[in-house]
Amino acid sequence: MGTQTLRPDEADDTAARRREQHGWYVYDWACSVYSTIALTVFLGPYLTSVAKSAADADGYVHPLGIPVRAGSFFAYCVSLSVIIAIVAMPLAGSAADRTGRKKPLLALAAYVGAAATTGMFFLDGDRYLLGGALLIVANASLAVSMVVYNSYLPQIAPPEERDAVSSRGWAFGYGAGSLMLIVSLVLYTAHDSFGLSESAAVRICLASAGLWWGAFTLVPLKRLRDRRTTMERAPAHGWRQFAATVREMRRTPLTLSFLLAYLIYNDGIQTVISQASVYGSEELDLSQSTLITAVLLVQVLAVGGALGLGRLARTHGAKRTILGSLAAWTLTLAAGYFLPAGAPGWFFALAACIGLVLGGSQALSRSLFSHLVPPGKEAEYFSAYEMSDRGMSWLGPLLFGLTYQLTGSYRDAIVSLVVFFALGFALLARVPVRQAIHDAGNPVPERI
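First, a word on what this report is: a plain description of the structure on this page. For clarity, every value in this text was computed on a predicted model and none was experimentally measured.

Another point: empty space enclosed by the protein. Tallied over the full model, the rule gives one cavity of 30 Å³ or more. A volume near 60 Å³ is recorded for the largest cavity. Those elements giving two or more residues to the lining of the largest cavity turn out to be α9 (253-283), α11 (318-337) and α12 (344-371). Residue classes in the lining of the largest cavity are distributed as seven nonpolar, two polar and no charged.

Right, let's get into the state of the cysteines. A full pass over the atoms with the stated rule returns zero disulfides. We note that Cys31 lacks a disulfide partner, and the nearest cysteine sulfur, in Cys205, lies 19 Å from it. Taking the relative accessible area as the measure of exposure, Cys31 reaches 2% and is therefore buried.

Here we come to a nonpolar patch on the surface. Nonpolar side chains collect at one region of the surface, where Leu80, Ile83, Ile84, Val87 and Leu91 lie side by side and expose about 410 Å² of accessible area between them. By the secondary structure assignment, Leu80 is in helix α2 (residues 73-99). In this structure Leu80 comes out as partly exposed when scored by relative accessible area, which is 39%.

Tallying each qualifying case throughout the model produces six salt bridges. Asp28 serves as the salt-bridge partner of Arg366, at 3.9 Å between the closest nitrogen and oxygen. Of this pair, Arg366 sits in helix α12 while Asp28 sits in helix α1 (residues 8-54), placing them 338 residues apart in sequence. For Arg366, a relative accessible area of 2% gives the class buried. Residues participating in the shared-partner salt-bridge network are Arg17, Arg18 and Glu161.

Our focus in this paragraph is the nonpolar core. Within the largest apolar cluster, 59 residues are counted, with the highest numbers of intra-cluster contacts made by Trp24, Tyr27, Tyr34, Ile37, Leu43, Leu206 and Trp213. Put simply, the parts of the chain that give this core at least two residues each are α1, α2, α3 (102-118), α4 (128-151), α5 (153-156), α6 (162-189), α7 (198-223) and α10 (288-316). Looking at which element gives the most residues to this core, the answer is α1, with 16 residues. In this view, Leu206 contacts Ala38, Phe42, Leu43, Tyr46, Thr117 and Met120; residues no more than four positions away in its chain are not counted. Tyr279, Ala351, Val431 and Ala436 belong to the second-largest nonpolar core, a separate cluster that totals 55 residues.

Here we come to the packing of aromatic side chains. To describe a pair of aromatic rings, you give the distance between the ring centres and the angle between the ring planes. Per the stated rule, a full pass over the model turns up 22 aromatic pairs. Ring geometry for Phe73 against Tyr128: centres 5.1 Å apart, planes inclined by 75°, an arrangement best described as edge-to-face. Here Tyr128 lies in helix α4 and Phe73 lies in helix α2, a separation of 55 residues in the sequence. Pair check on accessibility: Phe73 and Tyr128 agree, each one buried. Taken together, a centroid distance of 4.5 Å and an interplanar angle of 15° make the contact between Tyr262 and Tyr385 stacked. Of the two residues, Tyr262 is situated in helix α9 and Tyr385 in helix α13 (residues 378-390); the sequence distance between them amounts to 123 residues. Each of the two residues, Tyr262 as well as Tyr385, counts as buried. Over the face of the ring belonging to Tyr152 we find Lys102, whose NZ or CZ atom lies 5.2 Å from the ring centre. Lying over the aromatic face of Phe121, Arg203 brings its terminal NZ or CZ to 4.9 Å of the ring centre.

Quick notes on the rules
Residues numbered from 1 in each chain as written. Predicted model: local features only at pLDDT ≥ 70, side-chain atom pairs only at ≥ 80, totals over all residues. Heavy atoms only, no water. 1 Å grid on protein atoms, 1.4 Å probe; cavity = no way out; pocket = protein on both sides within 12 Å on 5 of 7 lines; lining within 4 Å. Points joined across faces, edges and corners; volume = space filled by probe spheres on them. Helix = DSSP H or I, 4+ residues; strand = E, 2+ residues; numbered from the N terminus. Nonpolar A, V, L, I, M, F, W, Y, C, P; charged D, E, K, R; others polar. Disulfide = S-S within 2.5 Å. Buried < 20%, exposed > 50% of the residue type's maximum accessible area, 1.4 Å probe, protein only. Patch = residues over 30% accessible without salt bridge, like charges linked within 9 Å, V, L, I, M, F, W, Y side chains within 5 Å. Areas by Shrake-Rupley, 256 points an atom, 1.4 Å probe, with all protein chains shown as cover. Salt bridge = Lys/Arg side-chain N within 4 Å of Asp/Glu carboxyl O. Core = buried A, V, L, I, M, F, W, Y, C linked by side-chain atoms within 4.5 Å. Contact = heavy atoms within 4.5 Å. Phe/Tyr/Trp six-rings, centres within 6.5 Å; stacked < 30°, edge-to-face > 60°. Lys NZ or Arg CZ within 6 Å of the ring centre and 35° of its normal.

What follows is the structure, given as structure tokens:
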């Protein structure tokens, strides 16, 4: 059987595409360390302790004269960062598609976020306002950068490659998170051996995430390239453009149907990620070291999970693979309801199941959505994609909190999240993705 020989121009195109893809992967490698090290592990407890040291006798701090319970300060800052991100993402999306100059926007968002994260080194004593401001800036900057980053996917990968490319991006991110989490845990747990206080060790870990983010962002900025815009309509700005995009999406109702399904099941995913440690500590009586080890296990297995589900998508299609992962999420939550207290082994098993489906379900959702985006409107549509993620990320925690308030049981609260996966499964199953891709004006892959 003979081998196929590429023409020189085809070989050059393939090499240039691979170069861009490799650069694209590295941005996930760069920014995911912030999500893992700062947001997931260290910043919440540390900023809360700083706020408590600044609190009055009743346990309140007073940012801008507003009384806020110190223990709620971190959560409020995260919520405010989401609101700012929702305002900023349409601005970035419309600017990227209107001008075609995505790299300057990616650089601006990435380096503002990296600088804010690095500045967390100075978060000590009672500087809770500084910590809150840096958190808000870093979180919002990450969201804006992800709009621009995701919008590159349809441009750097033909339809048949997108599942694999998206999965590799997620795998790179989880790989970087795992590596830096190991380094940070060694520094944190052995801080006395390094002549550091616990506070200094945490601040070094936080700052290192910002330095990592900034340093590795140089690679995608060198390898990705801007493309001329093909938009012929009169330019619009910000929310006017986003409103026009939403109106235009009515012409592709199947794309909207996918977004609705994604909004629901991804809210369930995000809630499990954010509340699993609460469940482990409050309901299962597990130690902080056990919970951090579980986070590391999730990060490591998410690398293999993202790549594995990416391979499954080649033979079974992205839609079927995502549906399978949602079924696995449902079974995992059901099993979580029965975990015995004080048994870290079973909690690690639950973390392993989450890790295996976490990266793949997110990666394949991103690549599937990229097929549903009309050509030339990538950043606009991905701003809607990010907003459907972050803009509704309060709904799952609200259900979790209300269930606990009504029942007094974290077990009931965790199992209540099954509704997000069941409803998301049902809605996604009803989306005819081949017709949706055709309606968006894109070529339909052989297997999707």
